[in-house]
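A closer look at the structure
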Amino acid sequence: MARASSSKSEYLWEWKDVNDSVYTWKPYSKDVQKKLETALNRKQTATFTVNSVTYVVHVDRTPMVQLNTKTKYRREVRRRQGKFTHNRIEDQWQWVNDDNRWADYPADINQQLTAGKQKKMTSVNFQPTEGLPRNYTVDFEKMLQINLKTNYGREIRCIPVYRQDAIWQWKDDHGSFHSYNQECQDLLEDAHRNGKSSLDFTVCKRDYSVDLVSMTQTRKGFGTKRTVIRNAHSKYLFAAL
């Protein structure tokens, strides 16, 4: 069941998610935010555990780095200052598919798993409504999905999902709107909140200027203008570690 809650802070810690050469900055959960801020003030490393995986964040380095102690995979970390509000929507449960990628459980199973976890159950049994009739159990202690016929186990995890306050988009020659990448989203939203009238940025070695009054984007050196919009209270979802 969806949960509506919000958090406000003067800072925001985020980790860099890279997928097919496209990256987005995603916020840490509220508890991890506090641990990272404390570690920064004490000039120490921060350690936390999510879904049985332990992470170490080195906030005393430039750039700051998050280390997965299980896989040794590293991710860049950043800290931003300002007024930030993110509304928590729900928990999303995921399982590792045959392509070794995280896949979302459908809404009905996601609801069963969330309810089971909230009731502090050790496991939940379910049968997918689509595909072959198979029975599974989810072991919350081992964080595994187990096929009850073959006893084959798959890793699972639960990630909190948040809603971004607004989405910035630009209009193409065909009248369709496209969202800016996450870095530009952050820059535009920060400029908007701070009352700036314009913003300059570079994407793929191309220089742009956005007039936040007329809401137009201009490519420098070419003069090409495009309409820009800000969709407040967007339903755009992103996950937080």
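Residues numbered from 1 in each chain as written. Predicted model: local features only at pLDDT ≥ 70, side-chain atom pairs only at ≥ 80, totals over all residues. Heavy atoms only, no water.

For the protein chain, the helix and strand inventory stands at 3 helices and 18 strands. The 241 residues of the protein chain split such that 41% are buried. (Helix = DSSP H or I, 4+ residues; strand = E, 2+ residues; numbered from the N terminus. Buried < 20%, exposed > 50% of the residue type's maximum accessible area, 1.4 Å probe, protein only.)

Bringing helix α1 (residues 30–42) into the picture now. In this model, α1 (13 residues) spans 19 Å end to end at C-alpha, consistent with the 18 Å of a helix rising 1.5 Å per residue. Among the residues of α1, those classed as buried are Val 32, Gln 33, Leu 36, Glu 37 and Ala 39. Projected onto a plane normal to the axis of α1, the buried residues spread over an arc of 160° and lie on a single side. Opposite the packed face of α1, turned more than 90 degrees from it, sit the exposed residues Lys 30, Asp 31, Asn 41 and Arg 42. One or two positions beyond α1, positive phi appears at Lys 43, with a value near 55°. (Expected span 1.5 Å × (residues − 1). Arc of directions from axis to C-beta.)

Strand pairs in the sheet, formed through backbone hydrogen bonds, run parallel or antiparallel to each other. Pairing in this open sheet of 6 strands is antiparallel, and the strands run β13-β12-β17-β16-β15-β14 from one edge to the other. The open sheet has two edge strands with one neighbour each: β13 (177–179) and β14 (198–203). The average undirected angle you get between the axes of adjacent strands in this sheet is 30°. (Pairing = 2+ DSSP bridges. Axes fitted to C-alpha atoms, helices over the stretch in contact; angles between N-to-C directions.)

So, about the packing of aromatic side chains. Each pair of aromatic rings is reported with the distance of its centres and the angle of its planes. As enumerated under the stated definition, the model contains 8 aromatic pairs in all. Ring centres of Phe 48 and Tyr 55 lie 5.4 Å apart, and the angle between their planes is 20°; on these two criteria the pair is classed as stacked. Plain terms: the ring middles of Tyr 105 and Phe 126 are 5.8 Å apart, the flat faces sit at 85° to each other, and that makes the pair edge-to-face. Within this pair, whereas Tyr 105 is found in the loop between β7 (102–104) and α2 (107–118), its partner Phe 126 is found in strand β8 (residues 123–126), the two being separated by 21 residues in sequence. In this pair, the class of Tyr 105 matches that of Phe 126, namely buried. Between Arg 219 and the ring centre of Phe 222, over which it is positioned, the NZ or CZ distance is 3.9 Å. (Phe/Tyr/Trp six-rings, centres within 6.5 Å; stacked < 30°, edge-to-face > 60°. Lys NZ or Arg CZ within 6 Å of the ring centre and 35° of its normal.)

Turning to the side chain of Asp 186, a few remarks are in order. Note that Asp 186 resides in helix α3 (residues 182–193). Filtering out sequence-adjacent residues up to four positions away, Asp 186 remains in contact with Glu 14, Trp 25, Arg 78 and Arg 80. (Contact = heavy atoms within 4.5 Å.)

One face of the sheet, then the other: side chains in a regular strand alternate in exactly this way. The side-chain alternation of strand β9 (residues 136–139) yields two buried faces, one formed by Tyr 136 and Val 138 and the other by Thr 137 and Asp 139. Bridge analysis of β9 against strand β10 (residues 144–147) gives 4 bridges, and the strand direction is antiparallel. Bridging from a neighbouring strand, Thr 137 pairs with Ile 146 of β10. Between the end of β9 and the start of β10, which pair antiparallel, lie 4 residues, with Met 143 showing a positive phi angle near 55°.

Trp 13, Tyr 28, Leu 36, Phe 48, Val 57, Val 59 and Val 77 are the most contacted members of the largest nonpolar core, which totals 16 residues. Sorting the residues of this core by element identifies β1 (5–19), α1, β3 (45–50) and β4 (53–58) as the ones contributing at least two each. Every residue in contact with Trp 13, bar those within four places of it in the chain, is listed here: Lys 26, Pro 27, Tyr 28, Gln 33, Leu 36, Glu 37, Leu 40, Val 59, Met 64, Val 77, Arg 78 and Arg 79. With 12 residues, the next largest nonpolar core counts Tyr 105, Val 124, Phe 126 and Tyr 136 among its residues. (Core = buried A, V, L, I, M, F, W, Y, C linked by side-chain atoms within 4.5 Å.)

So, on to the confidence of the model for the protein chain. When pLDDT is averaged across the protein chain, the result is 83; 85% of the residues are at 70 or more. Below a pLDDT of 50 lies the segment residues 1–7, which in the model reaches 19 contacts outside its immediate sequence neighbourhood of four places, other chains included. Contacts for the low-pLDDT stretch residues 234–240, under 50 throughout, to residues beyond four places or in other chains number 33 contacts. (pLDDT = per-residue confidence, 0-100.)

Glancing now at the environment of Asp 17. Within the secondary structure layout, Asp 17 lies in strand β1. Placed 59 residues apart in sequence, Asp 17 and Glu 76 show a C-alpha to C-alpha distance of 8.4 Å.

Its 12 residues give α3 an end-to-end C-alpha distance of 16 Å, which sits within 8% of 16 Å, the value for a rise of 1.5 Å per residue. If you check which residues of α3 are buried, you get Gln 182, Cys 184, Gln 185, Asp 186, Leu 188, Glu 189 and Ala 191. Directly after α3, the chain includes Gly 195, whose backbone phi takes a positive value near 75°.

This brings us to unusual backbone geometry. Outside of glycine, negative phi angles account for most residues, and trans bonds account for most peptide bonds. For the peptide bond that leads from Thr 62 to Pro 63, omega is 0°, which places it in the cis range. Mapped onto the fold, Pro 63 is located in the loop between β4 and β5 (64–68). The phi torsion at Lys 72 lies on the positive side, around 70°, for a residue other than glycine. Phi at Met 143 takes a positive value of approximately 55°, unusual for a residue other than glycine. When you line up the elements, Met 143 lands in the loop between β9 and β10.

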